[in-house]
Amino acid sequence: MEEQMRLDLTVDAPVEASPDTVRQEPVTWRDFVQLAKPGIIFSNLITAFGGFWLASGWHIDWLQMLYTMVGTALVIASGCVLNNYLDRDMDTKMARTRERVLASGKIAPSIVLAYGIVLGLIGVSGLALLVNPVAAVLGLIGFFVYVWIYTAWFKRTSVWSTVVGSFSGAMPPMIGYCAVRPEIDHGALILFAILFLWQPPHFWALGIRRMEEYRAAGFPLLPVVKGSFTTKISMIRYVVLLVPVSLLLYVYEYVNVFYFYAATAMGLYWAFLCIKGFTAQDEQLWAKKTFIYSINYIMVLFIVMILTTKVSS
């Protein structure tokens, strides 16, 4: 069965070190799935689902939710595919990315470009036609910022790239929320702020752990340019601000008191982990633990938010 699903998308060419060289190797549907980075899609859909649920107040339009999740997933997948396309030269320089199907030369860049564009067109069109124009515009803004401003520009030139990328990463929960309430109100802005503040310390932990790889690839990431100490200071600033911002969902009565206690405890523990980074004997181990905690933090926070959402009248 797998043999029947393989696509012959390679061309005859010698194997070179260039990311635009295509290897003569069978390409499967799994390669196209990996280009879309399913892990990133899944984590972002959790926040989109959370936004949809919060705005619904337990009164769920399941068909509308399905349209929203599929449209959002396709827009995110498009951004990830085009990120692979634009970063193919940089990916060849990093151990964790050089075996990606595009960086390794398994799939032709022109095919990846077309694949990414088609996914984006279907995703944005689906949100516009089946959900609402506000959700579609938010998806388009997130896509544009991620692909053109973050990936094509800031990621290669500025230490502010992570902050810029956070704008696009904060869009999925807003898309989910505005799919139900097509307006930018307090709930939408709070969800945006939570994801915006979460992303820099989350990614900087990975940046510290992979600092030398990013340096070799030429990415001007904060740890590479300013060092670990400055990066840890910046992480604490964002996490400390994230704690009260996350509690605004309780202040504005979207969730019950259990969320208040859970969000406070999880946020303060993350701040504690960041502070421990200044005395960590094994910085790589600390960065790994902090990175993993940040992933668990946002997933658990949104699960708790979903479970504690107040029933709307």
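Residues numbered from 1 in each chain as written. Predicted model: local features only at pLDDT ≥ 70, side-chain atom pairs only at ≥ 80, totals over all residues. Heavy atoms only, no water.

Participant: Hey, could you go over the overall build of the protein chain for me, with residue numbers and the actual values?
Facilitator: Looking only at helices and strands, the protein chain features 15 helices and 0 strands. Taken over C-alpha atoms, the radius of gyration comes to 20 Å for the protein chain, in line with the 20 Å a tight globule of 313 residues would show. Taken over the C-alpha atoms alone, the protein chain extends approximately 65 × 50 × 35 Å along its principal axes. The proportion of buried residues among the 313 residues of the protein chain is 55%. For the protein chain, the proportion of contacts with a sequence separation of at least 24, taken over those separated by at least 6, is 74%. Total accessible area on the protein chain is roughly 14,400 Å²; 67% of this is exposed by carbon and sulfur atoms. Counting 23 positive and 20 negative side-chain charges, the protein chain places the averaged centre of each group 9 Å from the other. (Helix = DSSP H or I, 4+ residues; strand = E, 2+ residues; numbered from the N terminus. Rg over C-alpha atoms; globule rule 2.2 N^0.38 Å. Buried < 20%, exposed > 50% of the residue type's maximum accessible area, 1.4 Å probe, protein only. Contact = heavy atoms within 4.5 Å. Areas by Shrake-Rupley, 256 points an atom, 1.4 Å probe, with all protein chains shown as cover. Lys, Arg positive; Asp, Glu negative; His and termini not counted. Charge placed at Lys NZ, Arg CZ, Asp CG, Glu CD.)

Participant: How would you explain the side chain of D185 if you had to name every residue and give the values?
Facilitator: With respect to the helices and strands, D185 occurs in the loop between α8 (171–180) and α9 (186–209). For D185, the side chain forms a polar contact with the main-chain nitrogen of G187, separated by 3.2 Å. Residues in contact with D185, not counting those within four places in the same chain, are Y177 and Y254. (Polar contact = N/O pair within 3.5 Å; in protein donor to acceptor, adjacent residues only side chain to side chain.)

Participant: Please set out unusual backbone geometry residue by residue, giving values where relevant.
Facilitator: Positive phi, close to 75°, is recorded for W58, a residue that is not glycine. For W58, the position within the fold is in the loop between α2 (38–56) and α3 (62–86). By relative accessible area, which is 37% here, W58 ends up partly exposed. Residue E253 is not a glycine yet carries a positive backbone phi of 65°. Looking at where E253 falls in the secondary structure, it is placed in the loop between α13 (248–251) and α14 (257–276).

Participant: Help me get a handle on empty space enclosed by the protein, residues and values and all.
Facilitator: Within the structure shown, the criterion is met by 1 cavity of 30 Å³ or more. In this structure, the largest cavity encloses a volume near 60 Å³. For the largest cavity, the full set of lining residues is Y150, K155, S161, T162, F203, Y214, F219 and L221. Residue assignment for the lining of the largest cavity shows that the elements contributing at least two residues are α6 (133–157) and α7 (161–169). In the lining of the largest cavity, the residues fall into 5 nonpolar, 2 polar and 1 charged. (1 Å grid on protein atoms, 1.4 Å probe; cavity = no way out; pocket = protein on both sides within 12 Å on 5 of 7 lines; lining within 4 Å. Points joined across faces, edges and corners; volume = space filled by probe spheres on them. Nonpolar A, V, L, I, M, F, W, Y, C, P; charged D, E, K, R; others polar.)

Participant: Go over the pattern of salt bridges with me, naming the residues and quoting the values.
Facilitator: According to the stated counting rule, one finds 8 salt bridges in the structure shown. Linking D31 and K106 is a salt bridge whose minimum nitrogen-to-oxygen distance equals 3.1 Å. Taken together, the positions of D31 in helix α1 (residues 29–35) and K106 in the loop between α4 (88–91) and α5 (109–131) put the pair 75 residues apart, joining distant regions of the chain. Residue D31 shares its accessibility class with K106, and that shared class is buried. Three or more residues joined by partner-sharing salt bridges are found here, namely D87, D89, K155 and R156. (Salt bridge = Lys/Arg side-chain N within 4 Å of Asp/Glu carboxyl O.)

Participant: Describe in detail a nonpolar patch on the surface, supporting the description with residues and values.
Facilitator: Together, L248, Y250, V251, Y252, V257 and Y261 make up an exposed nonpolar region whose accessible area comes to about 550 Å². Put simply, the parts of the chain that give the nonpolar patch at least two residues each are α13 and α14. Along the chain, L248 falls in helix α13. (Patch = residues over 30% accessible without salt bridge, like charges linked within 9 Å, V, L, I, M, F, W, Y side chains within 5 Å.)

Participant: Report on the layout of surface pockets, specifying residues and quantitative values.
Facilitator: What the largest pocket holds in volume is close to 1,300 Å³. Among the elements of the structure, α2, α3, α6, α7, α8, α9 and α15 (283–308) are those that each provide at least two residues to the lining of the largest pocket. Across the lining of the largest pocket, the residue classes break down as 24 nonpolar, 19 polar and 7 charged.

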